[in-house]
Amino acid sequence: MSVAYYIVLEDEVPGLDPFVNGKAIAHAGEKALAALCRSLGVRPLTDFVSEDPDELADLLDDDGFDMPGDWPQVEWFDADQGLATVRALQRHLVANPDALHDAEAIVGELVEYALVLEHARDAEVRWRLALDF
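Residues numbered from 1 in each chain as written. Predicted model: local features only at pLDDT ≥ 70, side-chain atom pairs only at ≥ 80, totals over all residues. Heavy atoms only, no water.

## Points about the pattern of salt bridges
Step number 1: The tally for this structure, following the rule as stated, stands at 5 salt bridges.
Step number 2: As a salt-bridge pair, Arg-87 and Glu-118 come within 2.8 Å of each other at their nearest N and O atoms. Residue Arg-87 is located in helix H4 (residues 79-95), and its partner Glu-118 is located in helix H5 (residues 103-122); the two are separated by 31 residues in the primary sequence.
Step number 3: The partly exposed category is assigned to Arg-87, whose relative accessible area is 30%.
Step number 4: Several salt bridges converge on common partners, so that one network encompasses Asp-80, Arg-121 and Asp-122. (Salt bridge = Lys/Arg side-chain N within 4 Å of Asp/Glu carboxyl O. Helix = DSSP H or I, 4+ residues; strand = E, 2+ residues; numbered from the N terminus. Buried < 20%, exposed > 50% of the residue type's maximum accessible area, 1.4 Å probe, protein only.)

What follows is the structure, encoded as structure tokens:
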């Protein structure tokens, strides 16, 4: 099983493929990333994770489980909010490559996240992170 954080856009941005692998970031560990973000004074990247209840219900149904009735609705974020976190992490990891395991791969994904978020911002399209497993 391979876990990854991927970007979901609320609307399509013409000419943009929002795919970013997101595996290195997911394997960095939620607690380690959150602690690093807090030390940098930015919102933790995982704060932007919001799952679509309909998609979760389908996934759980496929595995024979029922969806809990009180799951929150999907939350969308302005691209600038994500860019602040992504850029701060990127700058820090470039300057401090020993701060997280596999920092080079994480920086590569952060660069791709930033490109997608810049296009989303320019198109005034909101975003969220989702977890693929």
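Following the structure, the description resumes.
## With respect to the packing of aromatic side chains
Step number 1: With the rule as written, the count across this model stands at 3 aromatic pairs.
Step number 2: Considering the side-chain rings of Phe-48 and Phe-77, the 5.1 Å spacing of their centres and the 85° angle between planes classify their relative orientation as edge-to-face. Taken as a pair, Phe-48 in the loop between helix H2 (30-40) and helix H3 (53-62) and Phe-77 in the loop between H3 and H4 lie far apart in primary sequence, 29 residues in all. Here Phe-48 and Phe-77 have matching classes, each one buried.
Step number 3: Every member of this aromatic cluster is reached through a ring pair, and the members are Phe-48, Phe-77 and Trp-127.
Step number 4: A cation over a ring is seen here: Arg-43 above Phe-48, with NZ or CZ 4.8 Å from the ring centre. (Phe/Tyr/Trp six-rings, centres within 6.5 Å; stacked < 30°, edge-to-face > 60°. Lys NZ or Arg CZ within 6 Å of the ring centre and 35° of its normal.)

## Quick notes on unusual backbone geometry
Step number 1: Look at Asp-102: it is not a glycine, yet its phi comes out positive at around 65°.
Step number 2: With respect to the helices and strands, the residue Asp-102 is situated in the loop between H4 and H5.
Step number 3: By relative accessible area, Asp-102 is classed as partly exposed at 41%.
Step number 4: Even without a glycine there, the phi angle at Glu-124 is positive, about 55°.
Step number 5: On the secondary structure map, Glu-124 appears in the loop between H5 and strand S2 (127-132).

Note that every value here comes from positions in space, so none of it alone points to a role or purpose.
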